[in-house]
Amino acid sequence: RRERTSKGVHYVLVPPSVWDILYEIYGGGPPIPRMVLPLVKVQNRRERTFSTDSKQMEEEDMSVMSVEVVATDNEAPLRIPEAIQVATHPWIFHCHVCDASQPYRRGDAGSMSIRIMTVPDQPLWRLFAEVVVRLSVSNTKAFNAEGLGKARLWRRIEISNNAKDASTRYGPWSLVCKNRFAMLPHMQQNPSTSKDFYNDLREDWEAYADHATLESVGMTNNDRLMLEYAVVNKTGDFVWPREAAAKAGRLRHLAEDDLNFKRMLRGVDKDDKPLENHPRVAGTTIDAMDSTGRWYQVEISEIRNNEISESSEEDEEEMDMGNNVAAAGKSRQIIEVRQVRINFMEHGGHIEWIDVESDRLAIAGRFTLGKETTNGDASKASGPPDGKAKQSVAVKKGTTEPEPNGGSKRCTFPGYGACGLVNLGNTCYANSALQCISYMPLLRAYLLSSQYKTTGDLNKDNPLGTGGKLLEEFSDLLRIMWSGKYGEKSPTRFRGHLGRARSQFSGADQQDAQELLNYMLDVLHEDSNKVKKKPYVEALEDDWVKKTSLPRVGQEAWRRFLRRNRSIIADVAMGQVLNTVACPKCHFSSRNFDPFNLLSLPFPTVADVIFEVTVFRRGTSLNCPQTLNRTKKGDRRRERFERKKPTDGILKAPSNQLIEEKYAIAMSRLADIGDLRMQLQNISGISAGRLKLCKVEELVISQDMDDSNPVKTYIKVTGLPDKEGPCVKVANTDSEKEEDGAAPPSPTKIVAFESTLAPRPIQSIKQQQKEAADEKKEEDEEIESATASEDEESDGPGGLAGDAALHRSPRETRLLKELLDVYGDSRECRIYDSDPLPISKAISRCLWPQTEKDFKLGLRVDAIDHRSHWFPGSVVEIIEGVAASENGEVTKNSTSSPIDTDTNTAAATETKVRIHFDNFSSKWDETYTIEQFIKGQVRPLYSHATPRVKPTEFMVHHRYTDRSASKTNGGATNALFGQAFYLQCQNEWSTARAGAHILAQASRFLVRLSSSDGGDGTADSATVNKVKRIYEKISGTISDLIDILIDFDRRYALAALGTDEEVPFDEMNQADSFRNPSFDSSSLSAALIEKVRSLLHKLPFEVRVCTADAPLGTSSSPGKAKDAPSNQSTSSGSNNDEVPFPFSLMRTIGNFMNARHAVILHWRDPPVEKKSNSKAIHYFTNPVMYIRPKLATHKSSLDLLEDPAKTNKNNNRNGTNSPGGSAGLHLGVCLTEFCKQQQLHLTDCWRCPRCKEYREGKQNMQVWRLPDLLVFHIKRFNCSARWREKITTKINFPLTGLDMSEWCHSDSPVMTEDTEDSYVYDLIGVMNHYGGMTGGHYVAMCKATACGNEGSEEVAYDFNGAGASFYDLEEESGTQTGWRLGRSKDKEAAVNQSKVAAANASKGVSESAEPLWLQFDDELVEPIPPRNVVSEMAYVLFYRRRRITPSNIAKYSTLD
């Protein structure tokens, strides 16, 4: 008996007689599967559903029995409960887990294989749940840090041999749910112990199954299923094992096809033995890559073979015995193809000979859109048509290298290298690195002379190297390059060995030349390492290092390094760096001597981008006290709210009592605007979410105006998104100054606007959030009942529109009451800005119409459009007397008469309303009738639509009428001026409440901080007092207007809800508060209009609304002057798109305006006082009363703005002796930055040896041991998490005389030597990178030094190579007489002439005092002047010590 089984539920006891009957029926045959199906208990037994809950089965009603079995009269009858049902023919599935290590192994038996019984209509997610629970996954890589994984189901399918499609790459298996996966829980997390976890799993599994059943997804009985789980890779991402294995299989098949294709071209079998019947290669269609890296489908026009003489042992014996004739008859000549001739001329290229082993050849259709044959063999390369191959195919035999006297280029400077390397498809990075290595002295002689063979240095057993193969191939390539015969060479063989040694460089992708250079130096070091078996070397102990002198420690560290590394690279190209890291806690200093073969030099940190940010704070009672902190009439207080004044009387940034502040912030070049916003938050104290950053464009209207005139400039702003970047692109750097190096880039000016909304804090919000969770279940039940009543009741207002949608929960009632207590108080619009969303929803339900007479303007509703989409909107028009159609539906846009002339009886009329949707133009307005309200096509506000999260935002511009332009343009013009700004409003504010907000924020430009603001600074005291009184009067007018608008807005809300100031909201009858059909706002609106109209004309500006793209208002006027600037337009004419701002209670700002509108503050002319003598007195010299807020600069920002100039002086202090001029930075600046102390982060994982914890130590690096060959890598490529860039700053590096003593430690071995030449270096090569991050091209520049083809060179003192030449000029220049077989006399004369020219060029170089610099652009080699060596494209620099170490000269030099 199993545990947790109950009698009558899981099993039934039967008498022996019944058992005998059952055994007689079923015992002798095969086992018949049976599945018990429990039922869910419901009120109606006919509507039972299946369930697998055991507790629910125990709660089944056992009183009703449907089966009764009686064995004998003495025995009690056996009753089987009705709750148990048995599926007599269930489906059986065979399931197993996919092995992550062998996802395609054959067979599915084993310990991880189960059988599952189910029924066709069972949900798929239940099957998946049973598979996951029973097939437990124990692989730890299947789960992430949170203990969750990913899984999916596969179903075995039958695939015919003839039908092979893309889906069969996964074998005979198909995904049950494509493009989806389910959550896989860990076995330690038991779903039964956590209800929330179980609910999350169930929701995820249901989403994975898409609520489908087994039969609906195509499953059948006896299907085989497989559970595949994803594994976590090294980067923390999930990888599906079957997809990874399929990808690897495809790559393996492609590699096999390529290998068979290369064998077919060569004419060899799988054992690399030549075929007796070589297939015809000429005329075969293949894919080939030209020198630019592009693939084309071409035909092979010509081939080059090698004749291999093959003879047997018997033949050799006969030849030894003297029977040469017989042996020669038995030997045979076997031809193997080595090169093919490809004609790219029809594709804009040229003819090339390509080695068959090159990666530039592929099967036809592999990289092109040409047709591919269906054969998977290498023979899929299409062959030539019949007869075509015999026409123009010439086979050249016995040539392995291109003949220098033939079509190949000849070396222009024999004895000085000057051999270009052919680009084999984006291999310019390798060509440039190899060229620079070939001009490194001692190393060049070592490879050309094959010293590694004579000395036994070739290490073929080193697992860190390539077995000496790459060293030998590179040596062979150098011998060809320095033979003095070839002007170009295709490094096909070396490229093949390099790709096999490092797959990173095997393809045609672009690579970093510095990475290849580093790899080549490491490989040359390991392949020539004299240490065959590296011993274990212990690191130096910290206590010994602390007690011992630094030179002794450095010497011991180098000695231990040489115990494992002894090669030519270690001797001539490796140095030491003293790396010191100090712990900030225990102050322990850790000193290590790290070897290097290449120094990566960073750019100085001064390259950061500096932003000059102007912050505009929202207008409050603190920074606009003259207007927003003004008391009401009759209040004897001086200020409405108390505010703290600064102790010294001077406001300093940051301060909430300032309006305009300026900050200077230095940002990383690759940071984005979001990072800048966070930095601004830390400095100004304004939350980053409340800041809107914008670009600034300052437009000067007239240069003749005084700087104090506010209309002289117009500051245009454009919003910047959070992910805008990087900062180096946003910055407006002066390219000319940056190139000249005369001054640092000027700071980039941007403006940041604080959000003009300050949400009011409500005390009980946290308590309401807690109560909301408790009421959620109750509200869900109410919504379900309301939905059910909607389907049943549709003939009256008692449905959802009458009851459910108008019902307000207790939580909403409490929130509404609390909001009404503070909405519209004295702090509104001056300190806080309340969101009236709960009030608007309540008003919409209170004023909901039940008849046509209840329609009211401004009613907020949710309406459904013709596409069945719900949108919020407002009733903007009530249309009465519209004829209705016969079926009761209103005829839209009906123009028929209300009187039927035929019947002479009154026709049926309807009243309908026009609804304007939020965020849409008027052309999308819809009309609705009361029947549509009753049917539910129009619902109360936000019962179906979703409120907008973001507030309504629009731009506010300052504008005035330029009277001075009337004389020249024939009429006054409108012109924009001042600081444009963004303004935000709550979506459910009335336009009256939004108008108060606009006036409050506009008061920021009327704040007078001194007596001269707004008037003439030279005016007398009487005029100053008059100007002060005018501004005081304007401030009082704005304050009164704000109070009036706020008061009427509050009165409107209370009246619409059926309450007032005398009757509290909680004392109102709840039923009466939901209905207020008698509400009439006409008297309230009329009173508001009368009061506002009496004060608007006293304002210094007029508030208007226009489209965002036409802020001038009359841009379409015919009276506009032709030569008017872009921020001006003539004022004659009118513009229908511009209207006065409506200070109304009937329209919300979210319904009236959107992002396509803008607000205009059209400033009036200043007041003029007229005396009795008819003379007008002008108190204002400026055309407007606009006052720019006082700008306060942050103290630390002043210092930061001065730093770029100081840093620039420090950078130029070092000077330069390079011929490139004084532009850019000196190389010494980068070396100083390399040796500068740096602060490590915890992510650098430095562990203090004393604290035994990871610390943010301070690191300092200095050069300790200098090698003979010094290589610098300039870190031009800068990357971040989102952006990347290439730094194009020019580095001025010296061609000769680089003094490294400044950056060497004072106790280093270099500084202790007597001669100064030990730390003086001369340039021998440069690798340049042209292009950007996405692509580019590498070009090498090398200082040509003489070297023989056997490695003979002069290295002791080599400044310019004068007088040193190891190439036999007389042998090459001597003309040969006579005839050669197969060569014409004219061709021989041309060859001799080219030899003489090359020999004379080399002789001129050897006799010249000026060094020769060669530029290697792949196969193109040309001399350049030394002044062109230094450029902003320099990427890697190669230097040699002026006085090379004598021991290295004696060891590796081949000069006799």
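All values derive from a computational prediction rather than experimental measurement.

Quick look at the pairing of strand β56 (residues 1420-1424)
In this sheet, β56 lies alongside strand β55 (residues 1412-1417) in antiparallel orientation, the contact comprising five bridges. Along β56, the bridge assignment pairs aspartate 1417 with leucine 1420.

Side note on the environment of aspartate 918
Relative to the helices and strands, aspartate 918 resides in the loop between β33 (909-917) and β34 (926-929). Classification of aspartate 918 by relative accessible area gives buried; the value is 7%. Aspartate 918 has contacts with Arg860, Pro872, Gly873, Gly1150 and Asn1151, leaving out every residue within four places of it along the chain.

Thoughts on the sheet that holds strand β22 (residues 589-596)
Spatially, four strands are ordered β22-β21-β47-β46 in an open sheet, and the strand pairing comes out antiparallel. With one partner strand each, in any of the chains shown, β22 and β46 (1238-1239) form the two edges of the open sheet. Sheet topology note: the strand β21 (residues 575-582)/β22 ladder contains eight bridges and is antiparallel. Along β22, the bridge assignment pairs valine 581 with serine 590. Here helix α15 (residues 550-562) sits on the sheet in contact with β21, β22 and β47 (1258-1265), set at roughly 45° to β22.

Describing the pattern of salt bridges
Inspection of every chain in the model, using the stated rule, returns 43 salt bridges. Taking the shortest distance from any N to any O, the salt bridge between aspartate 258 and arginine 366 comes out at 2.9 Å. Here aspartate 258, found in helix α5 (residues 241-266), pairs with arginine 366, found in the loop between β17 (361-362) and β18 (395-397); they are 108 residues apart in sequence, far enough to count as distant. A residue is classified by how much of its surface remains accessible, and aspartate 258, at 29% relative accessible area, is partly exposed. Salt-bridge contacts for arginine 993 lead to aspartate 833; the nearest nitrogen and oxygen are separated by 3.1 Å. Taken together, the residues span a long stretch of sequence, with arginine 993 in helix α27 (residues 991-1002) and aspartate 833 in the loop between α23 (810-822) and α24 (837-846) at a distance of 160 residues. You can call arginine 993 buried: its relative accessible area is 1%. Among the charged side chains, a salt-bridge network with shared partners connects Arg618, Arg760, Asp825, Glu828, Asp833 and Arg993.

Focus: the pairing of strand β54 (residues 1336-1344)
For β54, the tally of buried residues reaches seven of nine residues, placing the bulk of the element in the interior. In this sheet, β54 lies alongside strand β53 (residues 1320-1331) in antiparallel orientation, the contact comprising seven bridges. Counted as the bridge partner of glycine 1325 is cysteine 1342 from β54. Joining the antiparallel neighbours β53 and β54 is a turn of four residues. As defined by bridge partners, β54 adjoins β55 across five bridges and the pair is classed as antiparallel. Following the sheet pairing, alanine 1340 is matched in β55 by phenylalanine 1416.

Considering α24
Of all 10 residues making up α24, seven are buried, and the element is well covered by its neighbours. Taken together, the buried positions of α24 are occupied by Ile839, Ser840, Ala842, Ile843, Ser844, Arg845 and Cys846.

Definitions and cut-offs
Residues numbered from 1 in each chain as written. Predicted model: local features only at pLDDT ≥ 70, side-chain atom pairs only at ≥ 80, totals over all residues. Heavy atoms only, no water. Pairing = 2+ DSSP bridges. Helix = DSSP H or I, 4+ residues; strand = E, 2+ residues; numbered from the N terminus. Buried < 20%, exposed > 50% of the residue type's maximum accessible area, 1.4 Å probe, protein only. Contact = heavy atoms within 4.5 Å. Axes fitted to C-alpha atoms, helices over the stretch in contact; angles between N-to-C directions. Salt bridge = Lys/Arg side-chain N within 4 Å of Asp/Glu carboxyl O.

All quantities given are derived from atomic positions and should not be read as evidence of function.
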